[in-house]
Amino acid sequence: MLWKHLAYIPFIIFGFIISLQDWKHKSVNIVPLLLFLISCIFAYCFFKNLCFIPLFIFVVIGILLFLIRNAIAFGAADYITVFSISFLLNREYWLEFIIYCGVIGCITSVIKKEEQFSFISAILLSSAICLFLG
């Protein structure tokens, strides 16, 4: 059981780093982001959870928003983060993940009083909740 928690340590460390960067600067350095991706793929090797449905939903929302309002919904780091989370997310929790992302994202927007907000923290907190449930 201990090895299961140890496999999540890089996910937590690099997730915290990219979340903090996105929260403070609204941009993420590529090195921690790639290390986050690698840590998620590494954790996949242990747990064999894989679900790309949230990534598909994020891409569809991004395309629709761009076509309808000519606006960019998510940044590249948001897509990479959701792609990374796809290697950890249990198939049973993808709907909860999407709901948590929306709710936490709205709460974050209200707290920061900004129309655009750092969505990576909402993605990571939502994934942590789903990992805890699963």
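Whatever comes next refers back to the structure up there.
Read on for an overview of the structure. Remember, it's a predicted structure, so these values are computed and weren't measured experimentally.

**A few points about the packing of aromatic side chains**
Under the criterion given, the structure shown has 11 aromatic pairs. Centre to centre, the rings of Y44 and F87 are 6.0 Å apart; their planes meet at 70°, and the pair counts as edge-to-face. One end of the pair, Y44, is in helix α3 (residues 30–47); the other, F87, is in the loop between α5 (76–85) and α6 (94–112), with 43 residues separating them in the sequence. Judged by relative accessible area, F87 falls into the buried class, the value being 13%. Each ring, one from F74 and one from F119, has its centre 5.5 Å from the other, and the planes form 35°; the classification is tilted.

**Some remarks on α6**
For α6, built from 19 residues, the straight-helix expectation of 27 Å at 1.5 Å per residue is met to within 8% by its first-to-last C-alpha distance of 26 Å. Looking only at α6, the buried set comprises F97, C101, I104, G105, T108 and S109. The buried residues of α6 all sit within an arc of 140° when viewed along its axis, so they share a single face. Opposite the buried face of α6, by more than 90 degrees, sit the exposed residues C106 and V110.

The rules behind each value
Residues numbered from 1 in each chain as written. Predicted model: local features only at pLDDT ≥ 70, side-chain atom pairs only at ≥ 80, totals over all residues. Heavy atoms only, no water. Phe/Tyr/Trp six-rings, centres within 6.5 Å; stacked < 30°, edge-to-face > 60°. Helix = DSSP H or I, 4+ residues; strand = E, 2+ residues; numbered from the N terminus. Buried < 20%, exposed > 50% of the residue type's maximum accessible area, 1.4 Å probe, protein only. Expected span 1.5 Å × (residues − 1). Arc of directions from axis to C-beta.

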